[in-house]
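As a plain string of letters, each chain reads:
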Amino acid sequence: MQFLARIRHNRGNFCHRFLHVSLVMYVWNQQLPNESSIKMPRIPIFRLGGAPENTAPPKLAASNPSVSLEGLSVGIDNLRHDVVLSSRFAEAARAHIARMIARHGELEGLLSAEAPPPSQSPSWLRNLAGKAVRPKNDPGDWKSLLTELLVASLNRAKKEYKLTIDILARLAVTKFLRTEMNSQFAQVLERCRVLLKSYDNMRQQRAHEYRERLATFQVRKKIILRKTGQEIFETLREVEKSTLARTRRSLFGEETIAQSFFTYPLFVNRLLFSDDGRDDYLCAEHYVMLGNWDRDPDRYGRLRDVIAGFLRTLYGEDTTAETIDSWMNVPENARLLVGTGTPENSDEGLAQEERLAAWVRLLEDEHMMEAVIASYHVVPLLSEFAPRINPQQLKSALIDRTECDRVERLIQEHGKLSPNSLYAAVAKVASCRGAERAKVAARFLADFFHYHRDLRRLEVLNAALDSVNLVPNQRLRELSRVNGTLYEFLLPEEQETSESDRVLRHVVLKADVRDSTRLTRMMMEKGLNPASFFSLNFYDPVNKLLGKYGAQKVFLEGDAIILAILEREGEAGLAVSRMCVLAREIVEIVRGYNELMQRSGMPQLELGLGITLQESAPLYLMDGEHQIMISEALNESDRLSSCNKRVRKIMEPLAGPFHVYAFQTADLDADGNPEDVTLSFNLSGIRMNEAAFSKLKEEITLELLKVRLPANVSSDKGEYRLFMATVPVDHDIFRKIVVRESRIPRIDASDFSVTGWTERRYYEICTDPAIYAALEKRKGASGS
């Protein structure tokens, strides 16, 4: 009874103070006319010397947060960038987040019951077991791994001259941490539910206590995730300030840092781990708690419009919304506009004071000033009354009598709370006037700009996170990896195998068997087996060569085989030259078998080979566990290995020591395809494309030859050159190759007579024994 009497007494004193303050501030008194109809005469302020007339407003800085991932490859869905993070980092982060959620949810004691009972093993063995698991529970472990991971991404960005790689890594880490916060909350909840089932038939009292704690854990999910997110944010900010910012400046310099000025602050945003940036507790602690209800005059959208109108009165009505938005992204602009509420004895200080007075009048005219003042005085009340009482309800209670009565009743119903701090806050809000109101208005403008900037940064970051795909399973990772679209951000000790697997370029060889249909029919008519014939004389011998040259089989048809050599980062870079030697060995093997077949009366094999280089990694599609290569080099190697039947009839008896020719039958149109007017001859020859020839010149030294060869249709006017080179196949194995570069003649298609020479060229790896015999003869002559 004494407690209730004390409550009534306090309430009576409160109402007396409440009414008195309300009369002074023109609010809350229902007997007074509407506050909008009360007009108090303003007292003129006289200043010695006066203020400068028509002072121009200050020049404001502008900022527009942005994220650019230009130059990075999109992933297998052709929309997002595929990313995989270090498995060790991911495991440590998950464990750390789960520990934080359990701690903030006050479930550490409950989860500790998951541990198995002490074993009967010797003490020294139990101590060793405890030491073995202790590093996994070290909170500093994930922080050090986070630092290593992000420093490694900076080093990779420096190595590849792409700062966007580091930005992608930061986005991926942020998305991963966000996802794991919700995932680990669900897992902690499930672990507790499983644990509670073990208490169903025993320890009833403890089971009831744990169920209440678990129910509270679920109700407080938003609070727990907010505290967890803020703890993660503090770690990220500490790592950024202590290590990453300095490393980035060291690697890329101030100029590059300036270019990313609007991107990296996105990752040290206080709202980074909030859902939409509208968290009352977060705003109250670090910004200002704005209204959320429709009836609130200080809602974010309405305040933004009011501030935009205020800026237009200063800078002109034609100021665009985009310009105003960019100004509000710079909190320092608020101080330039209205100062801090403490006048400075200068022309600019007087101008700021006049703008601040106009800002205060605008807030009062829009009925926002009391709500703004209450936003600051409600902050100390949150720790005492929230979350039992909604923060917005507490704020409204400071300026609205009806809401205050409702909050009072809630406090009384609780029984253990005192309304004294509420009464004191109401009195402070009601008594805030004059210079104090001006200081609050100036502080509020700066806090609103700060919040607006971070909210814009959050919106830009959320849009950028949508372009990151944390590849979920191994199958999709492998598909993205083999297509060269997977960005793997690993710890330094994990990068050794990854870097060596990166493919820079690839060379494709197609060996096509001529007239395979006719050959098969001929053998079947003689009662022979064409399948075993092709296998023993062609496919098996070729397969034995693959390991020697580091080649792999891409595709196998009934009359053709396609091989590839992938050139990886860190390798010697001899893919083209080794493919040339491999192609020459294939021709020599088939030639040797043909000599045996000829003596046995068996049909002979005729080949055409094409070599193509593509300066990029091939793409793949997955057929179950089987990779199917997709590459433009496949199509081009098919064209290079082909032989036109009409050209063969004419050129076969005239070819001489060369086995590859190309002819142009008509002039090219401006947008025409050269292949449409080109006729090719390739009979037991090896033809390569121009890109492969250019790469060959980089790999090995090509020596220009002066060898007299038998005259033929191509050499009558000397329109070709021969080059010799030595290719290292193994540590002590070297093979010679001769490369022929020739201009493509322009011919009359009716009789194949040469009418001129084009500037186009084609390239042949010579296979005729006469050419290599001539080289040996020349070598012997020079030696003697």
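Residues numbered from 1 in each chain as written. Predicted model: local features only at pLDDT ≥ 70, side-chain atom pairs only at ≥ 80, totals over all residues. Heavy atoms only, no water.

(A) Quick peek at the overall build of the protein chain. In terms of regular secondary structure, the protein chain is built from 28 helices and 16 strands. Counting across all 784 residues of the protein chain, residues that qualify as buried make up 47%. Restricting to contacts in the protein chain with at least 6 residues of sequence separation, those with at least 24 account for 73%. Taken as a whole, the protein chain presents about 40300 Å² of accessible surface, with 51% of it coming from carbon and sulfur. (Helix = DSSP H or I, 4+ residues; strand = E, 2+ residues; numbered from the N terminus. Buried < 20%, exposed > 50% of the residue type's maximum accessible area, 1.4 Å probe, protein only. Contact = heavy atoms within 4.5 Å. Areas by Shrake-Rupley, 256 points an atom, 1.4 Å probe, with all protein chains shown as cover.)

(B) Focus on the pairing of strand 11 (residues 678–682). Summarising burial for strand 11: five of the five residues are buried, a large majority. By the alternation rule, side chains of strand 11 split into Thr678, Ser680 and Asn682 and Leu679 and Phe681, which are all buried. In terms of strand pairing, strand 10 (residues 660–664) meets strand 11 through five bridges, oriented antiparallel. By the bridge assignment for strand 11, Gln664 is matched with Thr678. (Pairing = 2+ DSSP bridges.)

(C) Spotlight on the side chain of Arg248. With respect to the helices and strands, Arg248 occurs in helix 8 (residues 221–259). Polar side-chain contacts of Arg248 include one of 2.6 Å to the side chain of Glu240. (Polar contact = N/O pair within 3.5 Å; in protein donor to acceptor, adjacent residues only side chain to side chain.)

(D) Examining the pattern of salt bridges more closely. Using the criterion set out here, one finds 42 salt bridges in the structure. Note that Glu348 and Arg355 form a salt bridge whose closest N and O atoms lie 2.8 Å from each other. Under the relative-accessibility criterion, Glu348 is labelled partly exposed at 32%. A residue is classified by how much of its surface remains accessible, and Arg355, at 7% relative accessible area, is buried. A salt bridge links Arg481 to Glu478, with the shortest nitrogen-to-oxygen separation between them at 3.0 Å. With Arg481 and Glu478 both in helix 20 (residues 474–482), this residue pair falls three residues apart, about one helical turn. Judged by relative accessible area, which is 29%, Arg481 ranks as partly exposed. (Salt bridge = Lys/Arg side-chain N within 4 Å of Asp/Glu carboxyl O.)

(E) Main features of the sheet that holds strand 2 (residues 468–470). Taken in spatial order, the three strands line up as 2-1-3 in an open sheet, and their pairing is parallel. Every other strand in the sheet has two partners, leaving strand 2 and strand 3 (486–489) as the edge strands with one partner each. Neighbour-to-neighbour, the strand axes of the sheet open up by a mean angle of 35°, direction not taken into account. Pairing between strand 1 (residues 81–85) and strand 3: four bridges, direction parallel. Along strand 3, the bridge assignment pairs Val83 with Tyr487. Along the sheet face, helix 6 (residues 163–197) touches strand 1, strand 2 and strand 3 and points at about 55° away from the line of strand 2. (Axes fitted to C-alpha atoms, helices over the stretch in contact; angles between N-to-C directions.)

(F) Local environment of the packing of aromatic side chains. Applying the stated criterion across every chain, the model contains 17 aromatic pairs. Ring-pair connections join several aromatic residues into one group, and the members of that group are Tyr287, Tyr300, Phe444, Phe448 and Tyr451. The ring of Tyr772 carries Arg584 above its face, with NZ or CZ at 3.6 Å from the centroid. Lying over the aromatic face of Phe658, Arg740 brings its terminal NZ or CZ to 4.3 Å of the ring centre. (Phe/Tyr/Trp six-rings, centres within 6.5 Å; stacked < 30°, edge-to-face > 60°. Lys NZ or Arg CZ within 6 Å of the ring centre and 35° of its normal.)

(G) View of the packing of helix 14 (residues 369–377) against helix 18 (residues 420–431). Interaxial distance between helix 14 and helix 18 falls to 9 Å at its minimum, and their mutual angle equals 140°. Overall, the two elements helix 14 and helix 18 adopt an arrangement that is oblique. In terms of crossing hand, the pair formed by helix 14 and helix 18 is right-handed. Contact with helix 14, carried on its side by Glu370, Ile373, Ala374 and His377, involves Ala425, Lys428 and Val429 of helix 18 and no other residues of that element. Grouping the constituent residues of the contact of helix 14 with helix 18 by class yields four nonpolar, one polar and two charged. (Parallel < 35°, antiparallel > 145°, perpendicular 65-115°, else oblique. Left-handed = near helix turned anticlockwise from the far one by under 90°. Nonpolar A, V, L, I, M, F, W, Y, C, P; charged D, E, K, R; others polar.)

(H) Summary view of the confidence of the model for the protein chain. Taken over all residues, the pLDDT of the protein chain has a mean of 83, while the share at 70 or more is 84%. In this model residues 117–136 is a low-confidence stretch, pLDDT under 50, and it forms six contacts with partners more than four residues away in sequence or in other chains. A low-confidence stretch, residues 711–717 (pLDDT under 50), is modelled with 18 contacts involving residues beyond four sequence positions or located in other chains. (pLDDT = per-residue confidence, 0-100.)

(I) Layout of the environment of Ala691. With respect to the element layout, Ala691 can be found in helix 27 (residues 690–699). A residue is classified by how much of its surface remains accessible, and Ala691, at 35% relative accessible area, is partly exposed. Residues Ala691 and Leu613, spaced 78 residues apart in sequence, show a C-alpha to C-alpha distance of 5.9 Å.

(J) Representation of helix 18 within the structure. Counted at 1.5 Å a residue, the expected span for helix 18 with its 12 residues is 16 Å, and the 17 Å between its end C-alpha atoms agrees. Of all the positions in helix 18, only Leu422, Tyr423, Ala425, Val426, Val429 and Ala430 are classed as buried. The arc that holds every buried residue of helix 18, seen down its axis, measures 165°, which confines them to one face. (Expected span 1.5 Å × (residues − 1). Arc of directions from axis to C-beta.)

(K) Seen up close, unusual backbone geometry. Note that the residue after Ala386, namely Pro387, is joined by a cis bond; omega there is 5°. Structurally, Pro387 is set in the loop between helix 15 (379–385) and helix 16 (391–397). At Glu106, a position not held by glycine, the phi torsion is positive, near 55°. Mapped onto the secondary structure, Glu106 falls in the loop between helix 2 (87–104) and helix 3 (108–111).

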